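# Notes for the structure review
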Amino acid sequence: MGDQMQFIVEKLNQEPFRKNYSLISFDSLESLQLLQLLSDVLGEIDPKHAVDIREELPEQTAKRMLNLLGILKYKPPGTVSDLSAFRQGLVTGSKSVIHPVLHWLLQRTNELKTRAYLARFLVKLEVPAEFLQDDTVADFNKQYEELMEAFKNLHKEHEQLKISGLSTAEIRRDIGAMEEEKDQLAKRVERLKKRVETVQNHQRMLEIARQLRLEKEREESLAQQKQEQKSQLFLVEQKLQRAQVQLKEMKQVVADSKPESLMKKLEEEINFNSYLVTEKIPREMESKKTSVYFLQKVVAEPAMTQADLTALESEINEVNTQINQLVEKRMIKYEPADSKFSMYRQQASIISRKKEAKAEELQAAKEEMSSLERQVEQRSSQAHELEGSEVLTEDEFKQYVSKLRSKNTFYKKKRLEIAEITAEYGILQRTEELLRQRHEAIQQQLQAIEEKKGISGYSYTQEELERVSAVKSEMDEVKGQTLDNMSEMVKKLNAMVAEKKASLAPVIKELRQLRQNCQELTQECDEKKIQYDSCAAGLETNRSELEQEVKGLLEECAQEESNYRYINCMKRSLEIQLQRAKEEMKAYVSPDPQERRRAVREQYTRIILEQENLGKKLREKQKVVRESHGLNMKQMKMWQDFEQLMECKRDCFLKQQNQAAIGQIIQEGGKDRLVL
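In short, a report on the structure. Computed from a predicted structure; not experimentally measured. (Residues numbered from 1 in each chain as written. Predicted model: local features only at pLDDT ≥ 70, side-chain atom pairs only at ≥ 80, totals over all residues. Heavy atoms only, no water.)

### Details of the overall build of the chain
- Helix and strand content of the chain: 19 helices and two strands.
- Per-residue burial for the chain yields a buried fraction of 13% across its 676 residues.
- Counting only contacts in the chain whose residues sit at least 6 apart along the sequence, the fraction spanning at least 24 positions is 58%.
- In the form shown here, the chain has an accessible surface area of approximately 56300 Å², with 57% of it arising from carbon and sulfur atoms. (Helix = DSSP H or I, 4+ residues; strand = E, 2+ residues; numbered from the N terminus. Buried < 20%, exposed > 50% of the residue type's maximum accessible area, 1.4 Å probe, protein only. Contact = heavy atoms within 4.5 Å. Areas by Shrake-Rupley, 256 points an atom, 1.4 Å probe, with all protein chains shown as cover.)

In structure tokens:
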């Protein structure tokens, strides 16, 4: 433990950490500081993990560290056998958990950096099988896998180049050799041109050869068009066959739509579901639990080396041999009477396996059907939102399912072919590499022998002579056959051109007639469109004018209605005022004094007299107050002085009472004497 801490402290004090720890200060770190230190070390390995743990939850920190440690293939030591205890210690920042992790990380930092870098591109994303049924998703997944393989190859080449370390001298020698080879090829081309120029009518032959090449290219394009038309015809025939099959199925469904058949289908579905619930799903759950248990056990074990793997393989082989021996002994011990039971057991096991296989196939078909139904619902909702198109019918849905199945089988077949071709390509590439190495070794041996014998370059000169003689013989043969072949080819090309023209003549005539009909229809369509646009524009202008007129009339009607209501209200108020004036006139003219008193004029006259009398009285009162103001102010001043005098006497009396308790004060001749 002390050596481990010493190693951790030494590594942390070096670049790039530079923590300046001692054994005591490192041992006194708290759990949060240890977690931050571990996060810093992981951030040095993978820059994405260089974060402050105070800004995230403890669960997130533990999950992030566990994911990276899993990618780096860290195995907990033997003291932390329980994985849950290891996780708990990582969350709480236990020293017994974090110190071994730091020791393991700091021992192999460079290797782990490379592993973390590769994990960013080589950790495969698992796509569910139901999503891979879609062609687009499958293509993207295939491209993703191809890019991953290309990245692996490029990384290997990069590492090999780093290890090989080619020198500049070797590269210069290679460039010089290539330059010499280029010059030699240029000289050969010049010699061949001079030889060809001696032949009569060589320009005409070259022109005929060029025309031949163009006609071959044209023939290839026509053949490609023919192949495309055949493929389209094949697709149309397939669509027709599927439509016929769907029509037949629909007829059968219509014929079998009876209560008995429906009940039978429901019973079959109930039996299948009960089988799934009682037998298949519990068995699968048990197998999943066992696999999870073994995986957890494997994860909890420490990292295994190649020696451990070989030991395990040898143990597995020994156990397999023991199992085979026990099976043979058991078969030898079987009695003849048990042979029938064994046969029945085998048949029962075969039937159960077939039943399980069919149940799995049915379950897969149901899952595929449910996924397709979900896709149909999504596509139909998208179509309704975007274009408002109708939902797919049952026939179209079945057609889509059959097409998807055919594409799936085709994709699986091609994938297997690609895998086989890839494996074969790897073998051939390795074979080519071995042969090239062997050839280079033999060439080196041959050069060494030639140098030893004093004839260096003999093999190269011999190869060049053989190559030149082979080229010369080929050129001689070509010269002899070129003229005949060219004349025959020209005749064939002329005949083929005539045949193609004859076969295309009726098609061209029909195409001309169709073009003329198309032009006439296009012209008629343009005329109708112009008429429609003019009519629509006129109707639109009329509609806008009518709308403006209706709008003005509505505003005028509202204005007149408001004027009418205002005039009506004014009329009512004037009628009320006129009625009051008549009543007032009647009361004022009436000879009855009681009636006259009720008149408004009399009432206001009476109120005016009362107010005038009140004002007269107030003016008289104001005059009296103004005349007596000086006397009243003087009297008020005297009363205030009197009040102050009485207050002063009261204070003197109180003081006198207080002094009587101490002695006696005698006043004589305007003087006060105190007698004790």
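### Notes on the nonpolar core
- In this structure, Leu-12, Phe-26, Leu-38, Leu-72, Leu-102 and Leu-105 are the most contacted members of the largest nonpolar core, which totals 31 residues.
- Those elements that provide at least two residues to this core are helix H1 (2–13), helix H3 (31–45), helix H4 (58–71), helix H5 (83–92), helix H6 (95–107) and helix H7 (109–122).
- With residues near it in sequence (within four places) discarded, Leu-38 still touches Met-65, Leu-90, Ile-98, Val-101, Leu-102 and Leu-105.
- In this structure, Leu-372, Val-376, Val-401 and Leu-404 belong to the second largest nonpolar core, which totals five residues. (Core = buried A, V, L, I, M, F, W, Y, C linked by side-chain atoms within 4.5 Å.)

### Description of the packing of H3 against H6
- Orientation of H3 relative to H6, taken along the N-to-C sense of each, is 20°, at an axis distance of 11 Å. Judged by the inter-axis angle, H3 sits roughly parallel to H6. Handedness of the H3/H6 crossing: left-handed. Where H3 approaches H6, its residues Leu-34, Leu-35, Leu-37, Leu-38, Val-41, Leu-42 and Ile-45 are matched on the opposing element by Lys-95, Ile-98, His-99, Val-101, Leu-102, Leu-105 and Leu-106.
- Considering only residue class, the contact of H3 with H6 consists of twelve nonpolar, one polar and one charged. (Axes fitted to C-alpha atoms, helices over the stretch in contact; angles between N-to-C directions. Parallel < 35°, antiparallel > 145°, perpendicular 65-115°, else oblique. Left-handed = near helix turned anticlockwise from the far one by under 90°. Nonpolar A, V, L, I, M, F, W, Y, C, P; charged D, E, K, R; others polar.)

### Digging into the packing of aromatic side chains
- Here the structure, examined in full by the defined rule, presents one aromatic pair.
- Each ring, one from Trp-639 and one from Phe-642, has its centre 5.9 Å from the other, and the planes form 90°; the classification is edge-to-face. Within this pair, Trp-639 and its partner Phe-642 are both found in helix H19 (residues 629–660), separated by three residues, close to a single helical turn. (Phe/Tyr/Trp six-rings, centres within 6.5 Å; stacked < 30°, edge-to-face > 60°.)

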